[in-house]
Structures are given as C-alpha cells and as structure tokens.
Amino acid sequence: MELIPHIIDGKEIESRDGGEFETVDPWTRQAFARVALGTAEDAGLAVEAARRAFDRGPWPRMGFAERGAALHRLADLIDEHRDELALADTRDMGKPISDSTSKDVPRSAMNFRFFADHARLSAGEALPMDSGHHAYTRYEPAGVVSAIAPWNFPLMLESWKVAPALAWGNTVVLKPAEGTPTSATLLARLALEAGIPPGVFNVVHGFGPDSAGEALTKDPRVDRITFTGESTTGRVLSRAAAANLTPVSLELGGKGANLVFADADLESAVRWSIQAIFSNAGQVCLAGSRIYVQREVYAEFLDRFCAAAEALVIGDPKDRRTQVGPLSSGEHYQKVRSYVEGVPAEGGIMRTGGFGDGWVVRPTVITDVPADARVCREEIFGPVVVVAPFDTEAEAVSSANATPYGLNAMVFTENLSRAHRVAAALRAGTVWTNCFFIRDLRAPFGGVGDSGVGREGGNFSRDFFTEPKAVVMEL
Ligand code: NAD
C-alpha cells in the first residue's frame, strides 16, 4: 500500500521512528493506504521548519500581491486536481463524491482566492487624534500557526484555516485528523508546485493525545493555535495553550435547531431541513439535529419530511448518485448506533430510519422523546434528527436555546418581523432564515458556549492570525 508522508520543509518524509498507521475506506471497510504516524519529534521538526521560514524566509516579507498570486496559483491547482482531491476525502471518510466534487473542493479553492484578495485589499485604520497626534494600525503576521483539523470536511476546513494564515504572512503546521490524511498531503504538494516556499506550509500526520496533535499545542515556538473539533477536545487544547499563553481559536460542536413556523413555505422548510441533517450523513457541526415545528403544521411537516428522508439515495459514496454514504469509521458508527438504540428506552418513536449495511445509518427521524433525552441534548454527529411540536414563538426560542451549544440555528417563516425578532433572540453564532449553509466569507463564523471561542472569516480571521499594532505619531 502507498505511504502518505508528512511534508516538512518541502520534503516528503516518513516518521523519524518509522511509525505508521492505516487509513480505511468506510464503505469497503478495508485499509487502502499507510500513513506516517507523527510523534512529538516529527511535530517539533515541522514547527522548527515553520519557525525558520517565518524568521528568515521570504514569505512574511513579501508584499500582499506576491503572496496572493501564489495563493491564487494554489487555488487554480486545486481546481485542476479536483477529482483527485475529491476522491481523497471520499475514500478517507465516506463523503458522497458528488458533494466532495461540487462543494468541498471548489469551496477550498475559493477560500484561498478569497483570503488572498481579502488580505491584499484590507486597509488599516487611520485615527487622527484630538491632541493632534496621528495613530494608525498595522496588521503584522503572528508567526507560526498550528492548525488542527477534524475529519468531516477535511480539505475544506483545512483551507479555511491555512488560507487566511498564509495570506497574512504566517507559516503553518497542519495536522489533519487521523482518519482523513490524504487530501492534506496532496494540498501541501500543490502548495510547493504553486511556488509557496518550503517550510511555509507543513503537514504532519498522527493522532491527538500523546502524538503529533498534542505536541503542536504545547510547543512554545507556536504563536497561534486554530482548532476545529469536539468541544471536549477544545477544553484540552485550551489548557495546553494556556501554559504558553498561546492565542487559540476553537470551532467546536453543535446541536442546531430549526424552527418551522406555521406561516413558513413548508416545501422549502422540508428541503432545507433535509439538507441540514442528512448531508454528509449528518456529520456536520452545523447539522439541524433538532426540528421544532408549530403545532398547526406539525403533522404535515412530519409526513413530508419522512417521505423526503426515505427518498434519499443511500450507497457507495464513490457512486455519483449516492446522497447518503456510510459513517466515517467503525468507532463512530457504534457511537451513532448507540444513540438510535437508546431511543425506545427514552420513550421515543422512530418514524423512519435504522441501520443499513456496514457502517450505514439510514436517515433516522425520531419523535415523542422528552426534552432531556440524550438524543435531544448531545451532539450525535450522524443522520439522526429529533422532531417536536411547539405552540408559541417564545416556546420555540426557549427550546432552541436549551442547549450548552450555540453554533447555529435556522428559522423558517414568511413573516419578516418574526424572522428578525427570532434571529435576535437565538443564542447562536449563525442564524439562517429560510436557508442553510449559505456563507459569506466576510461574515463571522464560530459559536457561543460549548460551540467555541472566537470567530473566523474576513476581518475576524485577520484579527486572529495577525498581531495588530498601534503606531502613534506626534506631528
Ligand atoms: P476531535 O476533537 O476528535 O479531533 C479533531 C482534531 O483534534 C483531530 O485532528 C485530532 O487528532 C486532534 N486532537 C484530538 N485530541 C487532541 C489533543 N489532545 N491535542 C491536540 N489535538 C488533538 O474531533 P473530530 O471527531 O475529528 O471532529 C468532529 C467534531 O468537530 C464534532 O464535534 C463537530 O461538531 C466538530 N466540528 C466543528 C466545526 C465548527 O466549525 N464549529 C466544524 C466541523 C466539525
């Protein structure tokens, strides 16, 4: 089997101690590649290379236009290698190939283009002072960035971190999730081909605790840690970062709620709600995993929603017709399965769904569970949704907010005043009204409470990946 290497200082290398692990295709449940298993020593070598490239290399010293041109070349190369990159993520974690080809890979290219242009076009503030002094801001690169990524949108979420970090002149060590190593190594190869100097973008594979991941959070030579993953891991990372006072950005879990009011366009509410919970087999931090429907339309919504869930095409994620593939790993399948199996004991009814072949969980719709049931409170991260009725707007908002998470929520209504009023009342980093997953890359992205710390996107990414400096002049 092919070995997926680390890329450190522009070189493809194995782990110092020769350690390896395997990556498994969740559809065939067979290993298809070996992966270099990074230790703390390998992570240290990558940080050293990134440090050298930052302290002495050309990258942080280049103009925005020159750096931006290299990032645009990288975006073009991503587009040219679209099929290879899409297959990499699909084989690693079971995402339908139609999604990885039409969404994840083009979005990754777009992230590089957007942040290249955003950095080039950004202006600092000029602050003429009453005293006659003149103050202005400079956004200087922070230094070496550790980027630690999850497995659910491998290339797309990696580019969301790497693109702004590089555009602002930092150097990066990326550790992809252990389950999805392939696209990160391909991306690092393309970055070199695009002319990004060796050492500027490094990739180290491996696990979290006692492995490359932990080392990247504890290294005092690292200036920023950007992490996307589980809330429990976020807490561990925060503690590690605190030891060196390293600023950390945490994009964590979610338990999104969709509020469907009686005045909603029901067909559209069903269509978006289906996408919100069943795309990527529900393995989406933004998943709309709780749907609250106003009682007048509850029965009709439920009928249409279950019918649409049953119509989704389940199968081999490499088949272009597939809409729902397997879960990403055997371990994750067992976790999601345990939630579904626990539903009857909690008093719930499974309207449709259950288990398919291998690691497939069919789109599963649950009703009649009490609000304190595990399926209502915990992030399942699978194609499992709870639907419940509500009577008043106040009740709907209070149900949506009854979670320690606060990543996102959705509101479906044709009443403009209600849309604004409810969006304001929801405790969430993003509220979508009559839609889902539509993003403006300038907008803040992140979560409240257990869903994270900080925001990324546009100026929010700039503020995290730079050291804003005030310069005050006496005139
Ligand atoms: P995870 O926390 O298990 O792992 C994420 C990454 O952290 C992996 O690369 C892992 O190796 C690494 N890691 C684990 N322990 C570590 C440690 N002690 N030190 C350093 N690194 C460590 O998360 P996951 O299972 O890969 O991803 C799923 C989770 O990510 C879900 O909770 C989901 O909601 C969340 N997520 C959030 C967003 C968002 O934008 N808010 C986006 C996607 C996924």
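Quick caveat, the model's predicted, so the values are computed rather than measured.

Asks: Help me understand the overall build of the protein chain in this model?
Replies: Scanning the protein chain from N- to C-terminus turns up 15 helices and 21 strands. Projecting the C-alpha coordinates of the protein chain onto the three principal axes gives extents of approximately 65 × 65 × 40 Å. Looking at the protein chain as a whole, 53% of its 475 residues qualify as buried. A separation threshold of at least 6 residues defines the contact pool for the protein chain, and within that pool the share at least 24 residues apart is 70%.

Asks: Honestly, the nonpolar core in this entry has me stumped. Any pointers?
Replies: If you look at soluble globular proteins, the nonpolar side chains tend to sit buried side by side. Residues Leu74 and Val172 are the most contacted members of the largest nonpolar core, which totals 76 residues. Membership of the second largest hydrophobic core comes to 61 residues, among which are Ala257, Ala309, Val385 and Ala400.

Asks: In this structure, what is going on with the pairing of strand β9 (residues 171–175)? I would like to understand it.
Replies: Walk down a regular strand and you will see the side chains alternate between the two sheet faces. Of all five residues in β9, five are buried; the element is thus mostly enclosed. Residues Thr171, Val173 and Lys175 line one face of β9 and the alternating positions Val172 and Leu174 line the opposite face, and both faces are buried. Following the backbone out of strand β8 (residues 144–148), through helix α5 (residues 154–167) and into the adjacent parallel β9, one traces a crossover that is right-handed. Note that β9 and strand β10 (residues 201–203) share three bridges and pair parallel. Residue Val173 lies in a different strand from β10, and its bridge partner there is Asn202. With respect to chirality, the unit in which β9 leads through helix α6 (residues 182–193) into the neighbouring parallel β10 is right-handed.

Asks: So what exactly am I meant to see when it comes to the domain arrangement of the protein chain here?
Replies: The parts lose accessible area when they come together, and the size of an interface is often stated as this lost area. Splitting the protein chain by domain gives domain 1 (3–252 + 451–474) and domain 2 (257–433). A straight line from the C-alpha centre of domain 1 to that of domain 2 covers 31 Å. Contacts between the two partners involve 16 residues from domain 1 and, on the opposite side, 21 residues from domain 2. Among the elements that make up the side of domain 1 that touches domain 2, the one with the highest residue count is helix α4 (residues 97–121) (three residues).

Asks: Mind showing me how you'd approach the site of the ligand here?
Replies: Neighbouring the ligand are 31 residues; Pro150, Gly208, Gly213, Gly229 and Cys285 lie closest to it. Breaking the shell around the ligand down by element, the ones donating at least two residues are α7 (212–218) and α8 (231–243). Both of domain 1 (3–252 + 451–474) and domain 2 (257–433) provide at least three residues apiece to the shell around the ligand.

Asks: It is not clear to me how the sheet that holds strand β6 (residues 126–128) should be interpreted in this structure. Could you clarify?
Replies: Hydrogen bonds along the backbone pair up the strands of a sheet, which may run parallel or antiparallel. If you trace the three strands from one edge of the open sheet to the other, you get β6-β7-β21, paired in antiparallel fashion. Either end of the sheet is taken by a strand with one partner, and the two such strands are β6 and β21 (466–473). Strand-to-strand twist across the sheet, computed as the mean angle between neighbouring axes with direction ignored, equals 20°. Two strands pair when backbone bridges link them, and β6 and strand β7 (residues 134–141) are joined in this way by three bridges, in the antiparallel orientation. In the sheet register, Pro128 faces β7, and the bridge partner there is His134.

Asks: Sorry if this is basic, but what is going on with α8 here?
Replies: It helps to recall that an α-helix has 3.6 residues per turn; residues three or four apart then point in one direction. Given a rise of 1.5 Å per residue, 13 residues ought to cover 18 Å, and the 19 Å separating the end C-alpha atoms of α8 matches this to within 8%. Gly234, Leu237 and Ala241 are the residues of α8 that are buried. Viewed along the axis of α8, the buried residues span an arc of 65°, placing them on a single side of the element. Opposite the buried face of α8, at more than 90 degrees from it, the exposed residues are Thr232, Arg235, Arg239, Ala242 and Ala243. On the buried face of α8, the contacting elements are α7, β11 (224–228), β12 (248–251) and β20 (452–453). Two residues or fewer after α8 comes Leu245, characterised by a positive phi angle close to 55°.

Asks: Explain the pairing of β12 to me, please; I cannot follow it from the model alone.
Replies: Burial along β12 is two-sided: Val248 and Leu250 facing one way and Ser249 and Glu251 facing the other are all buried. In the sheet, β11 pairs with β12 via four bridges, with the strands oriented parallel. Note that in β12 the partner of Thr228 across the bridge is Glu251.

Asks: Help me understand the packing of helix α2 (residues 64–80) against α5 in this model?
Replies: Axis angle and axis distance: for two packed helices, these are the angle between their axes and the distance between the axes, and together they describe the pair. Orientation of α2 relative to α5, taken along the N-to-C sense of each, is 155°, at an axis distance of 10 Å. The angle between the axes of α2 and α5 places the two elements in the roughly antiparallel class. Contacts between α2 and α5 involve Arg67, Gly68 and Leu71 from the former and Ala163, Leu166 and Ala167 from the latter.

Asks: I keep staring at the sheet that holds strand β18 (residues 408–412) and nothing clicks. Help me out?
Replies: As summarised here, the arrangement of the seven strands in space is β15-β16-β17-β14-β13-β18-β19, forming an open sheet in which the pairing is mixed. In this open sheet, the two strands that pair with only one neighbour each are β15 (349–355) and β19 (430–433). Averaged over all pairs of adjacent strands, the angle between strand axes in this sheet comes to 20°, irrespective of strand direction. Direction of pairing for strand β13 (residues 256–260) relative to β18: parallel, over a ladder of four bridges. Considered in β18, the bridge of Asn258 is made with Met410. Packing of helix α10 (residues 295–310) onto the sheet brings it into contact with β13, β14 (288–294), β15, β16 (361–367) and β17 (384–390), and relative to β14 it is tilted by some 145°.

What counts and what doesn't
- Residues numbered from 1 in each chain as written.
- Predicted model: local features only at pLDDT ≥ 70, side-chain atom pairs only at ≥ 80, totals over all residues.
- Helix = DSSP H or I, 4+ residues; strand = E, 2+ residues; numbered from the N terminus.
- Buried ≥ 20, exposed ≤ 12 C-beta atoms within 10 Å, placed from the backbone.
- Contact = placed C-beta atoms within 7 Å.
- Core = buried A, V, L, I, M, F, W, Y, C linked by C-beta atoms within 7 Å.
- Right-handed = clockwise from strand over helix to strand, strands pointing away.
- Pairing = 2+ DSSP bridges.
- Domains from an automatic or database assignment.
- Near = placed C-beta within 6 Å.
- Axes fitted to C-alpha atoms, helices over the stretch in contact; angles between N-to-C directions.
- Expected span 1.5 Å × (residues − 1).
- Arc of directions from axis to C-beta.
- Parallel < 35°, antiparallel > 145°, perpendicular 65-115°, else oblique.

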